[in-house]
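# Structural overview for review
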Amino acid sequence: MIQRMPDANQRSFSCTICGRVVTYDGRTPATYPFCSQRCRMVDLGKWLNEQYTIERDVTADDLTDGEPPNPA
Ligand SMILES: [Zn+2]
């Protein structure tokens, strides 16, 4: 009888960029939460782009929502 019990250490996550399911056991991959270094760079690029967008479209909510800047 074949039982397909998942390994207790086996985990998986979906790449936040391309949605590919990555399965791993034990150690978390260095690229987590992305499937690859490439998707990691894509995400970085998205963040940078959003940063520029926010700078041009800042509202009062943006100023009061987050933590105050570090005085140091
Ligand atoms: Zn990916």
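What you see is a predicted model, and the numbers here were worked out from it, not measured in a lab.

As a further point, take the coordination of the zinc ion. Ideal values differ by geometry: the angle at a metal is 109.5 degrees with four tetrahedral donors, but 90 or 180 degrees with six octahedral donors. The protein atoms that coordinate the zinc ion are Cys 15 (SG), Cys 18 (SG), Cys 35 (SG) and Cys 39 (SG), at distances of 2.3 to 2.4 Å. Every donor counted, the four donor atoms about the zinc ion form angles of 103 to 116° at the centre, which fits tetrahedral coordination. Motif for the zinc ion, donor spacing along one chain: C-x2-C-x16-C-x3-C. With Cys 15 in the loop between strand S1 (10-14) and strand S2 (21-25) and Cys 39 in helix H1 (residues 37-56), this pair connects stretches of sequence that are 24 residues apart. The burial state of Cys 15 is the same as that of Cys 39; both residues are buried.

Our focus in this paragraph is the packing of aromatic side chains. Counted by the stated rule, this structure contains two aromatic pairs. Measuring from centroid to centroid gives 4.7 Å for Phe 13 and Tyr 32, while their planes differ by 80°, and the two rings are edge-to-face. In this pair, Phe 13 sits in strand S1 while Tyr 32 sits in the loop between S2 and H1, placing the two residues 19 residues apart along the sequence. Here Phe 13 falls in the buried class, since its relative accessible area comes to 9%. The exposure class assigned to Tyr 32 is partly exposed, which follows from its relative accessible area of 41%. In this structure an aromatic cluster arises from ring pairing among Phe 13, Tyr 24 and Tyr 32.

As a further point, take the environment of Cys 18. Mapped onto the elements of the fold, Cys 18 is located in the loop between S1 and S2. With relative accessibility at 42%, the residue Cys 18 sits in the partly exposed group. Ignoring any residue separated from it by four or fewer positions in sequence, one finds Cys 18 in contact with Cys 35 and Cys 39.

Going from Tyr 32 to Pro 33, the amide bond is cis rather than trans, its omega being 0°. Mapped onto the elements of the fold, Pro 33 is located in the loop between S2 and H1.

The rules behind the values
- Residues numbered from 1 in each chain as written.
- Predicted model: local features only at pLDDT ≥ 70, side-chain atom pairs only at ≥ 80, totals over all residues.
- Heavy atoms only, no water.
- Donors = N, O, S within 2.8 Å, 3.2 Å for Na, K, Ca; no water.
- Tetrahedral: all angles 85-135°; square planar, octahedral: opposite > 155°, others 65-115°.
- Helix = DSSP H or I, 4+ residues; strand = E, 2+ residues; numbered from the N terminus.
- Buried < 20%, exposed > 50% of the residue type's maximum accessible area, 1.4 Å probe, protein only.
- Phe/Tyr/Trp six-rings, centres within 6.5 Å; stacked < 30°, edge-to-face > 60°.
- Contact = heavy atoms within 4.5 Å.

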